[in-house]
Each structure stands twice: as structure tokens, then as C-alpha cells.
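# Analysis of the macromolecular model
Each chain, written out:
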Amino acid sequence: MENPVIIALDFKNADQAKSFLSSFEGQSPYVKVGMELFYAEGPSFIKWLKEKNFRIFLDLKLHDIPTTVHKAMKVLGGLNIDMVNVHAAGGTQMMRAAKEGLLAAGAHHTKLIAVTQLTSTTEKVLIEELLIKNVDMKECVTHYADLAKKAGLDGVVCSVHEAMKIKDVCGKNFLTVTPGIRPSGSDTHDQARVATPREAALKGSDYMVIGRSITQSDTPVTTYSEILNEWRDSHENNNFPTFA
């Protein structure tokens, strides 16, 4: 069973991130580098992570015209990252262009996933601000996931609460990468659609993206291990639905 935990390195600079990762000496957890850290440090920090054998999810959420996204992905594909993403709201043509950009860079191993709706988005925001009124959140997210699959992508970013439906529609091998994971009793911060590691295991999540619960813990390695064990125990000791 592959390790499902991706640690979000939500730090201001490389020094802070490196200090945090030093406690994981001898381990190489999957890590997520988002906009703040990448914009501050650029490709040099990605190169350092790869030299240390970390797997990397580069979370930049590209969303632009197809030509621009194609060119950007061609550059990012040269960084030897393991996963990268775009916004599904950019449309099928844009998502296809992103995939073609990665392949043009020879990044055949890099997983390309699409953001459906941010886990900070509520039904109220969906209706009143985004003006998506004819479907509920789960239907909206599943529709975006279906478009991403048809565009040749490997999976989507979604909340745990949509993961099982996405598996039903897109198949068991279509990845569900789920942020908004909080151990029981943790602060939800700015996330609206959250879940525990146990819920993630039971509802079909392939990867759990977890930031502050680990990075702001007094004992991050212990917290990381507890989250991983909770997911594994739930996954191994329960009967799961069979997806197409």
C-alpha cells in the first residue's frame, strides 16, 4: 500500500522548510510545494528536494489560455516533479494542452491532476458568488472530474466528501487527492469541507494533503505517523466499495 500522506510545506522560505524537514531524517515523505514557497524560492528548492529523494506535488493550480498553460507545463515538466495541477474550470482544451506540455517535456511519469472546487468553497459561495445554481457541490465536482478524465488527466483535487462519487464515475484508478484533512479535534482553519484521516480512508481518498496539523505540531514526526497509522488501520480493517 502506497503512503497516502502528502505534507503541505506551507512555509515562507526554503530555510523554514528545510528546518522542518530535518526532523524527518531517514524518511522521504511526499511533500507539497505551493505558490508561496515556490514563488519565494523557485526551481532551486525543487532541485534540492529531489536531491534529498522527496516526492513532490507542485501545487500551482495553473489557469490560463491553453497556449500559455502548455508552455508553462513544458517548463515545469523539466523539474522532475511527481505531481502538478491545473484548474478544471479552465476547460477541456486547456487541460489537454497542459498534458501535452508535460509530455513534450518528457515528463511521462508526472501525474497531472485538476482542481475541482477549492475545499474552502461552500454551497453558498457556489450559488451566490460563482453563480452555479443548477447543481449541488458533489454534482459540480464530479462533472469537473469527468471532464478532467476525458482530457487525459490522472485525477483531481477534491474534498473527501466527493471522492467516492468520483471513483464511481471515473473509475478506481482515477486519483483523488484530498486536502482539508484534520485529525479529530483539530482546528479547521479556512477549510470548509474537511474530514478526518479515517473518513478519507473510508471514502476513497488516494492521497491526503495535510499541512498545519503536521507542520505546526510540537512533534511533527509523531503526528505524521499517527495520521498514517489511522488511515492504514481504517483502510485495512473495513470493507470498501468496489469501484469500476
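Placed above this text is the structure.
A brief report on the enclosed structure follows. (Residues numbered from 1 in each chain as written. Predicted model: local features only at pLDDT ≥ 70, side-chain atom pairs only at ≥ 80, totals over all residues. Heavy atoms only, no water.)

## As for the sheet that holds strand β3 (residues 56–62)
Strand order in this closed barrel of 8 strands is β1-β2-β3-β4-β5-β6-β7-β8, and the pairing throughout is parallel. Neighbour-to-neighbour, the strand axes of the sheet open up by a mean angle of 25°, direction not taken into account. Where strand β5 (residues 111–115) and strand β6 (residues 155–157) come together, 3 bridges link them in parallel fashion. Within β6, the position partnered with A114 by the bridge is V156. (Pairing = 2+ DSSP bridges. Helix = DSSP H or I, 4+ residues; strand = E, 2+ residues; numbered from the N terminus. Axes fitted to C-alpha atoms, helices over the stretch in contact; angles between N-to-C directions.)

## Some words on the pattern of salt bridges
Tallied over the entire structure, the rule returns 7 salt bridges. In this structure, the salt-bridge partner of K124 is E128, at a minimum N-O distance of 3.0 Å. With a gap of 4 residues between them, K124 and E128 both fall in helix α6 (residues 123–128), about one helical turn apart. In terms of burial, K124 and E128 fall into one category: exposed. Ionic pairing is found between K167 and D206, a salt bridge with its closest N-O pair at 2.5 Å. Here K167, found in helix α8 (residues 160–170), pairs with D206, found in the loop between α9 (197–202) and β8 (207–210); they are 39 residues apart in sequence, far enough to count as distant. (Salt bridge = Lys/Arg side-chain N within 4 Å of Asp/Glu carboxyl O. Buried < 20%, exposed > 50% of the residue type's maximum accessible area, 1.4 Å probe, protein only.)

## So, the nonpolar core
L9, V33, L58, M73, L76 and V86 are the most contacted members of the largest nonpolar core, which totals 65 residues. The next biggest cluster of nonpolar side chains, apart from the first, holds 12 residues, and it includes I6, A8, Y207 and V209. (Core = buried A, V, L, I, M, F, W, Y, C linked by side-chain atoms within 4.5 Å.)

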